[in-house]
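Given next are the chains, with one letter for each unit.
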Amino acid sequence: MDKESAWRCAYNSASEDPICGGRMNDLASTASEPAAQPVDEPLSQWQRLLYVFFAPSKTFADIRRNASWWLPFLVTALVGYGFTYSVGRQVGWEKVVETTIQQSPKQQERIANMTADQAAAAKEGMVMFFRSIAYAGPLFSLMVAAVAAALLLATMNFVFAGHAKFGQMMAVYYYATLPLNLKYLLAIVTLFAGVNTDQFKIQNPIGSNIGYYLSPDLPGWLITVATQIGIFTIWSLVLVALGGGIVAGVKRKQSGMAVAGWWILLMVVTAGWAALASGQ
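Thresholds applied
- Residues numbered from 1 in each chain as written.
- Predicted model: local features only at pLDDT ≥ 70, side-chain atom pairs only at ≥ 80, totals over all residues.
- Heavy atoms only, no water.
- Helix = DSSP H or I, 4+ residues; strand = E, 2+ residues; numbered from the N terminus.
- Buried < 20%, exposed > 50% of the residue type's maximum accessible area, 1.4 Å probe, protein only.
- Contact = heavy atoms within 4.5 Å.
- Areas by Shrake-Rupley, 256 points an atom, 1.4 Å probe, with all protein chains shown as cover.
- Polar contact = N/O pair within 3.5 Å; in protein donor to acceptor, adjacent residues only side chain to side chain.
- Axes fitted to C-alpha atoms, helices over the stretch in contact; angles between N-to-C directions.
- Parallel < 35°, antiparallel > 145°, perpendicular 65-115°, else oblique.
- Nonpolar A, V, L, I, M, F, W, Y, C, P; charged D, E, K, R; others polar.
- Phe/Tyr/Trp six-rings, centres within 6.5 Å; stacked < 30°, edge-to-face > 60°.
- Lys NZ or Arg CZ within 6 Å of the ring centre and 35° of its normal.

**Here's the deal with the overall build of the chain**
When helices and strands are counted, the chain shows 14 helices and zero strands. Overall, the chain shows an N-to-C arrangement of helices and strands of α-α-α-α-α-α-α-α-α-α-α-α-α-α. Taken across its 280 residues, the chain has 38% of its residues classed as buried. Taking as baseline every contact in the chain between residues at least 6 positions apart, the subset at least 24 positions apart corresponds to 66%. Total accessible area on the chain stands at roughly 16200 Å², and carbon and sulfur atoms take up 66% of it.

Shown next as structure tokens:
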């Protein structure tokens with residue numbers, strides 16, 4: 001722009017002069033453009049594993065980009081096998097069966113009505129059952145994760161109009177339940193330290209919940225419900241609600257309602273089963 005045009009722009013409005021108008025319109029359009037928003041860098045699998053304990057929102061936000069869940073599954077499987085080995089080494093599966101029978105009046109009655117050979121065979125069958133279930137843990141973990149992911153997906157998408165995918169919910173489940181592994185890691189430590197191996201309860205190995213401290217003489221359904229009220233369980237439930245809401249794009253209140261509803265239903269079902277099994 002020459003000196004004459006510059007003076008003209010100084011005294012004329014942009015709308016009145018085509019030369020100034022073009023320049024001013026360019027400036028106005030540039031100023032009206034929104035600033036570029038910073039984009040979070042993708043997380044590695046190990047970063048997601050770490051952040052779920054200290055910054056869980058970052059982990060769950062990254063699941064929307066990549067729904068991979070192989071690392072938490074691998075960690076859960078390794079911790080499970082470590083726990084299984086520790087039980088067999090420090091307690092023994094025969095002792096686990098004896099303690100289980102002592103805690104169930106119905107089992108005690110059944111064993112008492114058998115001959116010595118029948119009782120021995122029944123106990124051996126229970127030993128094989130417990131050991132098989134323990135070593136098949138990762139397979140059962142996959143089954144539980146698939147069912148939980150399907151229920152959460154249906155609730156988030158069809159009840160609360162979310163937009164999650166099945167693989168994303170599988171990832172949410174495995175990452176959100178990682179705190180449960182801390183429970184079994186602590187159990188491994190206590191077992192090798194020789195703490196309470198005589199009264200070890202494989203279904204409830206450490207005192208992280210209310211049910212651990214209740215008398216076995218109380219009704220089985222009550223102990224089952226109280227066992228679900230523990231620090232690691234509640235921690236994981238909070239993470240499932242947080243992660244499900246972030247991935248599905250629904251409000252935290254809605255995702256919390258979904259998780260709490262399924263948890264309460266699960267407690268009712270397991271309490272009923274425990275009441276039937278214990279005869280109380």
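**Concerning the environment of Trp70**
The topology assignment puts Trp70 in helix α5 (residues 70-90). Polar side-chain contacts of Trp70 include one of 3.3 Å to the side chain of Ser68.

**Here's the deal with the packing of helix α3 (residues 45-54) against helix α4 (residues 56-63)**
Between two packed helices, both the angle of their axes relative to each other and the distance between the axes serve to describe the pair. Running from N to C, α3 and α4 cross one another at 135°; their axes reach a closest spacing of 6 Å. The pairing of α3 with α4 is recorded here as oblique in orientation. Contacts between α3 and α4 involve Gln47, Arg48, Tyr51, Val52 and Phe54 from the former and Pro56, Lys58, Thr59, Phe60, Asp62 and Ile63 from the latter. Here the residues of the contact of α3 with α4 sort into six nonpolar, two polar and three charged.

**Focus: the side chain of Gln168**
Inspection of the secondary structure assignment puts Gln168 in helix α10 (residues 166-176). With relative accessibility at 10%, the residue Gln168 sits in the buried group. Only 3.0 Å separates the side chain of Gln168 from the backbone nitrogen of Lys165, close enough to count as a polar contact. The contacts of Gln168, once residues within four sequence positions are left out, are Ile63, Arg64, Ala67, His163 and Val247.

**So, the packing of aromatic side chains**
Geometrically, a pair of aromatic rings is defined through the distance of the ring centres and the angle of the planes. Evaluated as defined, the whole model comprises 10 aromatic pairs. Between Phe83 and Tyr184, the aromatic rings sit 5.0 Å apart at their centres with planes inclined by 65°, giving edge-to-face as the arrangement. Of this pair, Phe83 sits in helix α5 while Tyr184 is found in helix α11 (residues 179-192), placing the two residues 101 residues apart along the sequence. Lys58 extends its terminal NZ or CZ atom over the ring of Tyr51, reaching a point 5.1 Å from the ring centre. In this structure, Lys201 is placed above the aromatic ring of Tyr212, and the distance from its NZ or CZ to the ring centre is 4.7 Å.

**Let's talk about the packing of helix α7 (residues 105-112) against helix α8 (residues 116-135)**
As a packed pair, α7 and α8 sit with axes 9 Å apart at the nearest point and diverge in direction by 140°. The angle between α7 and α8 places the two elements in the oblique class. On α8, the residues touching Gln107, Arg110 and Ile111 of α7 are Ala119, Ala122, Lys123 and Met126. Of the residues in the contact of α7 with α8, the class split is four nonpolar, one polar and two charged.

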